[in-house]
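What follows is each chain in one-letter form.
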Amino acid sequence: SIPLSFFAGIGACSHEGILVKGSNYLEALSKCDTMVFDKTGTLTKGVFEVSEIKVNQGTREQLIEYAALAESYSSHPISLSLMKAYGKEMDKNRISQIEEISGHGIKAIVDGNRILAGNQLLMEKYQIPYKKEEVDSTIVYVSCNQQYLGAILISDVIKPTSSQAIQQLKKNGIKKTVMLTGDQKKVAIDVARELNIDCTYSQLLPDQKVEKVEALLKEQSKDGKLAFVGDGINDAPVLSRADIGIAMGALGSDAAIEAADVVLMDDDPLKIVQAMRISRKCIRIVY
Ligand code: ADP
Ligand code: MG
């Protein structure tokens, strides 16, 4: 039978906006020693500001308009940010096809033109003669019918409580912190350094994030558990693979909420520390 204090623990968590789907996950949390984080929207706000637009061909207005139109059906943090930066009403009738290529970006038909908006991998996949930018921000390259239009440089900010959360987690049993991201290396290294994250892997496709988590699971000690924390955009498969999948922000996709074992109602990383403390308290009462 399940000890009563686990129910109390689940209750205490839910009172804090932490939804735990079963007492086994609370127990696993108490034994968690490896915590793997997604970057965008998890450790960072996922709200990007445009810092620079580099035009290669056409006008600046056209570049940002095509990018915003192409992104207009997506709920990816980059898409939402580009639509906001464009700031004008968009006539969605101009879009006749849209395809979101996870870990790459968007392919869309706008005014009959094939628009691509995404990273280096996307440009290479479609053999666009783009000019690689050497900057430490996130880059959205934009092309129209094989012509390279230019790049939109965007930057995100670290959440105000991320640093404190990592520090506290290390004091509460986490021996190894890892960050996984599809973003470029320079951005990843900056964030990891600022937050004191032990280990970072960048430019990963969603499948490669799963492979990384599988490799980390193999390295785990017999009793140690691994948690993955994500914002739910593209990371449902990793959430289900980890011993404990933690989805942040109740606004995350339904697929993520479904795949997660623990759902945080808001997106404050300190909530993870709270969940761990509650779980460890339960264990002390039970044994
Ligand atoms: P993260 O690992 O940081 O959560 P994702 O796996 O969602 O990021 O995306 C990885 C990378 O793929 C992004 O950094 C970006 O370069 C590109 N990308 C993904 N979705 C989009 C999009 N909608 N528009 C432009 N670029 C995108
Ligand atoms: Mg993500």
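Small disclaimer: the values here were computed from a predicted structure and weren't measured.

How each quantity is defined
- Residues numbered from 1 in each chain as written.
- Chains lettered and ligands numbered in written order.
- Predicted model: local features only at pLDDT ≥ 70, side-chain atom pairs only at ≥ 80, totals over all residues.
- Helix = DSSP H or I, 4+ residues; strand = E, 2+ residues; numbered from the N terminus.
- Rg over C-alpha atoms; globule rule 2.2 N^0.38 Å.
- Buried ≥ 20, exposed ≤ 12 C-beta atoms within 10 Å, placed from the backbone.
- Pairing = 2+ DSSP bridges.
- Axes fitted to C-alpha atoms, helices over the stretch in contact; angles between N-to-C directions.
- Contact = placed C-beta atoms within 7 Å.
- Near = placed C-beta within 6 Å.
- Domains from an automatic or database assignment.
- Arc of directions from axis to C-beta.
- Right-handed = clockwise from strand over helix to strand, strands pointing away.
- Core = buried A, V, L, I, M, F, W, Y, C linked by C-beta atoms within 7 Å.

**A word on the overall build of the protein**
- The number of helices and strands found in the protein is 12 helices and 13 strands.
- Expected size for 287 residues packed as a compact globule is a radius of gyration near 19 Å; at 20 Å, the protein falls within 12% of this value.
- Along the first, second and third principal axes, the C-alpha atoms of the protein reach 70 × 35 × 30 Å.
- A burial count over the protein gives 45% of its 287 residues as buried.

**Digging into the sheet that holds strand β1 (residues 18–20)**
- Strand order across the open sheet formed by 7 strands is β1-β13-β12-β11-β2-β9-β10, with mixed pairing between neighbours. Since the sheet does not close on itself, it has two edges, and those belong to β1 and β10 (199–201), each with one partner. Strand-to-strand, the axes of this sheet are offset by a mean angle of 20°, without reference to chain direction.
- Each of β1, β2 (32–38), β11 (225–230), β12 (244–248) and β13 (262–264) is contacted by helix α2 (residues 23–30), which is oriented at about 100° to β12, the strand it contacts most.

**Some thoughts on the site of ligand 1**
- Near ligand 1 you find 22 residues, and of these Thr40, Gly105, Asn119, Gly182 and Asp183 are the closest.
- Counting only elements with at least two residues in the shell around ligand 1, the list comes to α3 (39–43), α5 (77–86), β5 (105–110), β6 (113–118) and β7 (138–144).
- A domain split of the shell around ligand 1 shows at least three residues from each of domain 1 (4–45 + 158–286) and domain 2 (49–155).

**Quick notes on the domain arrangement of the protein**
- Its domain assignment divides the protein into domain 1 (4–45 + 158–286) and domain 2 (49–155).
- Contributing elements (two or more residues each) for the side of domain 1 that touches domain 2: α3 and α8 (185–195).
- With 3 residues, the single largest contributor to the side of domain 1 that touches domain 2 is α8.

**Concerning helix α7 (residues 162–171)**
- Among all positions in α7, only Ser162, Ala165, Ile166 and Leu169 are buried. An end-on view of α7 places all buried positions within 100° of arc, on one side of the element.
- Just downstream of α7 lies glycine 173, where phi reads positive at about 105°.

**Comments concerning unusual backbone geometry**
- Here the phi dihedral of asparagine 145 falls at roughly 45°; this positive angle occurs in a residue that is not glycine.
- Unlike most non-glycine residues, glutamine 146 shows phi in positive territory, near 75°.
- A residue is classified by how many C-beta atoms lie within 10 Å of it, and glutamine 146, with 11 of them, is exposed.

**Some remarks on the pairing of β11**
- Among the 6 residues in β11, 6 count as buried, and that is most of the element.
- Burial along β11 is two-sided: Lys225, Ala227 and Val229 and Leu226, Phe228 and Gly230, pointing in opposite directions, are all buried.
- The pairing of β2 with β11 spans 5 bridges and is classified as parallel. Counted as the bridge partner of threonine 34 is leucine 226 from β11.
- Across 4 bridges, the pairing between β11 and β12 is parallel. Of the residues in β12, the one forming a bridge with alanine 227 is isoleucine 244.
- Taking the sense of rotation as the criterion, the β-α-β connection linking β11, helix α10 (residues 236–241) and β12 turns out right-handed.

**Things to note about the nonpolar core**
- Counting residues in hydrophobic clusters, the biggest one holds 53 residues, and the most contacted among them are Ala227 and Ile246.
- Ranked by residue count, the leading element in this core is helix α12 (residues 270–286), at 6 residues.

**With respect to the pairing of β6**
- Across 6 bridges, the pairing between β5 and β6 is antiparallel. When the bridges of β6 are listed, valine 110 appears paired with asparagine 113.
- Between the antiparallel neighbours β5 and β6 lie 2 residues, among them aspartate 111 with a positive phi of about 50°.
- In this structure, β6 lies alongside β7, joined through 4 bridges in antiparallel fashion. Looking at β7, one finds that leucine 116 is bridged to serine 143.

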